[in-house]
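# A closer look at the structure
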Amino acid sequence: MSIRVMVVDDHPMWREGVARDLTEAGLDVVATSGEGRQAVRVAAAARPDLVVLDLQLPDVSGVEVVRGLRAALPEVRVLMLSASGEPQSVLDAVKAGATGYLVKSAAPAEFLDAVRRTAAGEPVFTPGLAGLVLGEYRRLAAAPPAPHDDAPRLTERETEVLRLVAKGLSYKQIAERLRLSHRTVQNHVQNTLGKLQLHNRVELTRYAIERGLDE
């Protein structure tokens with residue numbers, strides 16, 4: 001099944017170029033937009049699997065657009081694009097619900113790989129930023145955890161996968177470590193999210209670190 005993608009960027013040449021590259025790579029570009037508020041409305045109708053979103057937009061910030069997209073389409077994946085990898089921008093985007101963050105200077109092949117991986121639910125970050133994000137997870141987890149005595153029980157395999165998520169491994173790395181398929185790892189993560197009533201990998205990683213599963 002083709003991946004349905006929406007491209008949001010206020011520079012027409014960049015927006016059209018990205019859309020063209022995605023189409024030529026076999027992805028289905030279902031919509032484009034140059035403004036944040038319009039993007040949320042259009043996405044609600046077009047229902048993309050993935051939104052490629054510029055951080056800097058003329059009307060509202062990309063971070064606010066992420067929140068709007070996730071509210072309208074909880075399952076949508078968001079790959080943020082930015083001219084820089086400023087740490088606070090990365091963290092704000094991830095906290096808002098972005099699945100990945102890539103600088104615009106990335107090579108075309110790297111960009112297309114990031115799109116496909118993000119659409120599959122795998123967190124993707126420009127090299128050097130993954131450690132930053134994991135560090136923030138740890139900082140957030142430093143606060144005393146809320147009691148979870150009634151938390152659902154996870155299977156042994158789900159716990160094993162969760163432990164590796166907390167260590168910052170990608171889905172591909174987890175699959176190789178446990179000798180599972182990439183799809184099986186994704187399924188375990190989705191099942192765990194459902195059981196724990198969590199919404200994304202940010203919340204899942206914090207949950208795991210709070211319980212010492214990253215040790």
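Scope of this entry: the structure provided in the associated data block. Everything numeric here is computed off the predicted structure, so don't read it as measured data. (Residues numbered from 1 in each chain as written. Predicted model: local features only at pLDDT ≥ 70, side-chain atom pairs only at ≥ 80, totals over all residues. Heavy atoms only, no water.)

Another aspect to go through is the overall build of the protein chain. Each helix and strand in the protein chain was counted, giving ten helices and six strands. At a minimum sequence separation of 6, the contacts of the protein chain that also span at least 24 residues come to 66%. Just so you have it, the protein chain exposes about 10,800 Å², and 51% of that area is on carbon and sulfur atoms. (Helix = DSSP H or I, 4+ residues; strand = E, 2+ residues; numbered from the N terminus. Contact = heavy atoms within 4.5 Å. Areas by Shrake-Rupley, 256 points an atom, 1.4 Å probe, with all protein chains shown as cover.)

As a further point, take the nonpolar core. Nonpolar side chains tend to gather and get buried jointly when the protein is soluble and globular. By size, the foremost hydrophobic cluster in this structure holds 27 residues, and its most contacted members are Leu 53, Leu 69 and Met 80. Of all the secondary structure elements, the ones that give two or more residues to this core are strand 1 (4-8), helix 2 (36-46), strand 3 (50-54), helix 3 (62-72), strand 4 (77-82) and helix 4 (87-96). Every residue in contact with Met 80, bar those within four places of it in the chain, is listed here: Leu 53, Leu 55, Gly 62, Val 63, Val 66, Ala 93, Ala 98, Gly 100, Tyr 101 and Leu 102. The next biggest cluster of nonpolar side chains, apart from the first, holds 20 residues, and it includes Ile 174, Val 185, Leu 193 and Ile 209. (Core = buried A, V, L, I, M, F, W, Y, C linked by side-chain atoms within 4.5 Å. Buried < 20%, exposed > 50% of the residue type's maximum accessible area, 1.4 Å probe, protein only.)

A word on the sheet that holds strand 3. Taken in spatial order, the six strands make up an open sheet running 2-1-3-4-5-6, and their pairing is parallel. Looking at the sheet topology across the chains shown, the edges are occupied by strand 2 (28-33) and strand 6 (124-125). As defined by bridge partners, strand 1 adjoins strand 2 across five bridges and the pair is classed as parallel. Directly across from Val 8, in strand 2, lies its bridge partner Ser 33. Where helix 1 (residues 12-24) meets the sheet, it contacts strand 1, strand 2 and strand 4, and its direction lies at approximately 170° from that of strand 2. The sheet contacts of helix 5 (residues 108-119) involve strand 3, strand 4, strand 5 (100-103) and strand 6, and relative to strand 4 the element is tilted by about 150°. (Pairing = 2+ DSSP bridges. Axes fitted to C-alpha atoms, helices over the stretch in contact; angles between N-to-C directions.)

Turning to the side chain of Ser 170, a few remarks are in order. If you trace the backbone, Ser 170 turns up in the loop between helix 7 (156-166) and helix 8 (171-178). Classification of Ser 170 as buried rests on a relative accessible area of 15%. Those residues in contact with Ser 170 that sit more than four places away from it in its chain are Glu 122 and Arg 201.

Residue position: Thr 155 is located in the loop between helix 6 (130-141) and helix 7. Sequence spacing of Thr 155 and His 188 is 33 residues, and the spatial spacing of their C-alpha atoms is 9.4 Å.

This part is about the pattern of salt bridges. Applying the stated criterion across every chain, the model contains eight salt bridges. Residue Asp 28 is joined to Arg 4 by a salt bridge in which the shortest nitrogen-to-oxygen separation is 4.0 Å. Of the two residues, Asp 28 sits in strand 2 while Arg 4 sits in strand 1, which places them 24 residues apart along the sequence. Where Lys 104 meets Asp 54, a salt bridge forms, and the shortest distance between an N and an O atom there is 3.5 Å. You can see Lys 104 sitting in the loop between strand 5 and helix 5 and its partner Asp 54 sitting in strand 3, a full 50 residues away along the chain. Look at Lys 104 and you get partly exposed, because its relative accessible area is 22%. For Asp 54, a relative accessible area of 5% translates into the label buried. (Salt bridge = Lys/Arg side-chain N within 4 Å of Asp/Glu carboxyl O.)

A regular strand places its side chains so that they alternate between the two faces of the sheet. Among the six residues that make up strand 4, five are buried, leaving the element largely enclosed by the rest of the structure. Pairing analysis gives five bridges linking strand 3 to strand 4, with the strands arranged parallel. Paired with Leu 53 across the two strands is Met 80, which belongs to strand 4. Following the backbone out of strand 3, through helix 3 and into the adjacent parallel strand 4, one traces a crossover that is right-handed. In this sheet, strand 5 lies alongside strand 4 in parallel orientation, the contact comprising four bridges. By the bridge assignment, Ser 82 is partnered in strand 5 with Val 103. (Right-handed = clockwise from strand over helix to strand, strands pointing away.)

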